[in-house]
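Chain and residue survey
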Amino acid sequence: MIVSGDRNPISRSSDRLIPLLLVPVALISLGPILRLLAEGFGLGDGATLAHATEVLGRESTRIALWHSLVTAGAGTLISILIGSAFAFVVALTDIRAKSALVFCLMIPMMIPPQITALAWMQVTGPSSVLLRTLGLAPPLGSPQPLHSAGGIALLLGIQHASIIFLTLRAGLRMIPADLVEAARISAARGWRVWAQIVLPLSLPSLAAGAAMTFVTALGNFGIPAMLGIPARYSTLPTLIYQRLAAMGPSVLSEVAILALVIGSVAILGVLAARLMLRRRAFGLVGLSGQPLSLSLGASRPFVETLLWGFIALILVLPLMALVATSLIPAYGVPLSFDTLTVKAWHEVLFRQPVTRRAYLNSLFLATSAALILMVVALPLAWLISRRPNWATRAVDTLVDLPYALPGVVLAIACILSFMRIPFTQITLYGTLAIILLAYLSRFLVVMLRPVQASVSQLDPAMEEAAASAGARIGRRLHTIVLPLAAPAAAAGAILVFLTAVNELTVSALLWAAGTETLGVVIFNLEDSGETVMASALAGSIVALVILLMGVVQFASSRLPKGTVPWQG
């Protein structure tokens, strides 16, 4: 029986839950951004554009903005080439081992960008252990080719190609086979079918993926920091980091303006992506039938070899170079049976206090963020699904904001918000608490979306029956919703853990002595010339990431559709 009107027990319970849950979620999602705006434009002390005009008028700002746009734009083009090629082949053809291929393509995106940069630097350049061992290293003194705008763009393109792949594949799977069959009946074949049917229908998805890739590349800190800072090639994130590292909190007003610049460009990209996604369903509503599937015939082995060869080039080769560097006694020494040693691994995992502390800090932060967000996401997803109104819809949109904005913007916003908590003398700057709050704000959407997808698929009849029998909201969530949504919540928690444990951009601006994270320590080790130890630490993190991804992949068949991002 369904009870309606004000007597509905579900309505009364959820009404009490709304302010308890929505207000803190809205505050942690929007509060730091509002504080950033207030700092940048002097709101509260008399709004002024004078400070913004001064910062934007500097040549260093214009150069960094131009470098950011160039590298992000070129990286997006490379991502389009890689991601669209894989998407068209995987989504539309009959190649074998698709799951394994997609899993391997996703690994570069899940690996932290600073590790990607570190691994690729071990593939090229005169000090490459792998090249020296093979006798292919360029002469000593030769420049490192990746320390350039082209090197940054190349690695940004490889790192974010998965975004293009996932977005475009989703669009391609909406194309029904009926359209192609109709074209074939009309004597259309081969490239004509692709050019006149498949490509036009997939363009909105491709454009949306390109916009999201550009935004992600624009806010990437790890790759420009590892490759650009040695070459004095500044982007906006690295300029903010360098200014804050050199001058401290005294330049917060200046970096707030820089953060707002990069945040404004990112928001334009997000709006463009949403606009493109809205256009994705044109002309396909109402059509039915099997998804489009094309046979490659005799060329299938060649195409499969090509794809797996490319995976070996962008994934296996740099990881081999990273591991090779971690197994030598000193940087520059060729790898052989005589020089092979695991001393660096033993050093970073068991002896160095800073690396052990970084592991503990990162594991604590990632685990805490995953557990807290799991507790918050379940009732929040239920509330958004069962009680759609202006408040829940507003929160549903707001939770996307901290994740869509570049990490450096959120980090500056958190420094401003928590350096001195309003109405108190308490400061969280330099503590693990401020990093945890930033993680909660940034990764809430990563946890919420899988749980939301699962809750939306549940039939509310069981909850209504339980409510009619007198079960309160807490008991219904615990005994009905939680068991059914638990697999999605677990998958979301693992995704949060995977993302948080390697995070660099936010923690690079928020850490202090004693609160180092893994991403920060790898960056600092490489920056101080300890490349062998940095490689060993990075290798251990890559192994952890692949292990956790494997757990999610193994459990994906038992999870609701859409829970695991790289699954169909």
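What this report covers is the structure whose coordinates are included nearby. (Residues numbered from 1 in each chain as written. Predicted model: local features only at pLDDT ≥ 70, side-chain atom pairs only at ≥ 80, totals over all residues. Heavy atoms only, no water.)

Observations regarding the nonpolar core
Of all hydrophobic cores here, the largest spans 170 residues; its most connected members are L36, L172, L380 and I412. Beyond its immediate chain neighbours, meaning those up to four positions away, L172 contacts A87, F88, A91, L92, V198 and S202. (Core = buried A, V, L, I, M, F, W, Y, C linked by side-chain atoms within 4.5 Å. Buried < 20%, exposed > 50% of the residue type's maximum accessible area, 1.4 Å probe, protein only. Contact = heavy atoms within 4.5 Å.)

Digging into the side chain of S507
Tracing the sequence through the fold places S507 in helix α23 (residues 505-510). Discounting residues that sit within four places of it in the chain, S507 has contacts with I435, Y439, T517 and V520. (Helix = DSSP H or I, 4+ residues; strand = E, 2+ residues; numbered from the N terminus.)

So, helix α15 (residues 343-351)
Along α15, the residues classified as buried are A344, E347 and V348. Here the buried residues of α15 occupy an arc of 85 degrees about the axis, which is enough to place them on one side. Across from the buried face of α15, at angles greater than 90 degrees, the exposed residues are K343 and F350. (Arc of directions from axis to C-beta.)

What about empty space enclosed by the protein?
Per the counting criterion, the structure on display carries two cavities of 30 Å³ or more. Within this model, the largest cavity holds a volume of roughly 90 Å³. In terms of lining, the largest cavity is formed by P108, I111, I115, T116, A119, W120, I158, I314, L315, P318 and L319. Sorting the residues of the lining of the largest cavity by element identifies α5 (113-121) and α14 (300-326) as the ones contributing at least two each. Residue classes in the lining of the largest cavity are distributed as ten nonpolar, one polar and no charged. Of the volumes computed, that of the second largest cavity is approximately 30 Å³. What lines the second largest cavity is simply S68, T71, L156, A217, L218, N220, P224, T235 and P237. In the lining of the second largest cavity, the residues fall into five nonpolar, four polar and no charged. (1 Å grid on protein atoms, 1.4 Å probe; cavity = no way out; pocket = protein on both sides within 12 Å on 5 of 7 lines; lining within 4 Å. Points joined across faces, edges and corners; volume = space filled by probe spheres on them. Nonpolar A, V, L, I, M, F, W, Y, C, P; charged D, E, K, R; others polar.)

Section: the pattern of salt bridges
Going through the model one piece at a time under the given rule, you end up with four salt bridges. Of the charged contacts, one joins R96 and E304 as a salt bridge, the two residues approaching to 2.7 Å between their closest N and O atoms. On the criterion of sequence distance, the pair formed by R96 in the loop between α3 (59-92) and α4 (98-110) and E304 in helix α14 is long-range, its members being 208 residues apart. Look at R96 and you get partly exposed, because its relative accessible area is 45%. Owing to a relative accessible area of 11%, E304 belongs among the buried residues under this scheme. With its nearest N and O atoms 3.1 Å apart, the salt bridge here joins E516 to R357. Here the residue E516 occupies a position in the loop between α23 and α24 (518-527), and R357 occupies one in helix α16 (residues 353-386), the gap between them amounting to 159 residues. (Salt bridge = Lys/Arg side-chain N within 4 Å of Asp/Glu carboxyl O.)

A look at the side chain of S362
For S362, the position within the fold is in helix α16. For S362, a relative accessible area of 2% puts it in the buried group. Here S362 is in contact with V501, T517 and L518, once residues within four sequence places are set aside.

Brief notes about the environment of A208
Note on placement: A208 falls in helix α10 (residues 190-219). Through-space distance from the C-alpha of A208 to that of I163 is 9.8 Å; in sequence the pair is 45 residues apart.

Remarks on the packing of α16 against α24
With their axes 8 Å apart at the nearest point, α16 and α24 run at an angle of 150 degrees to one another. Between α16 and α24, the crossing angle belongs to the class labelled roughly antiparallel. Within the contact between the two elements, α16 uses V354, T355, A358, Y359 and S362 and α24 uses L518, V521 and L525. Considered class by class, the residues forming the contact of α16 with α24 number six nonpolar, two polar and no charged. (Axes fitted to C-alpha atoms, helices over the stretch in contact; angles between N-to-C directions. Parallel < 35°, antiparallel > 145°, perpendicular 65-115°, else oblique.)

Topic: unusual backbone geometry
With a phi close to 55 degrees, A97 is a non-glycine residue in the positive phi region. Looking at the element boundaries, A97 is found in the loop between α3 and α4. We classify A97 as partly exposed; its relative accessible area is 43%. In the Ramachandran plot, R232 falls in the positive-phi region, its phi being about 55 degrees despite a non-glycine side chain. By secondary structure assignment, the location of R232 is in the loop between α11 (222-228) and α12 (236-247).

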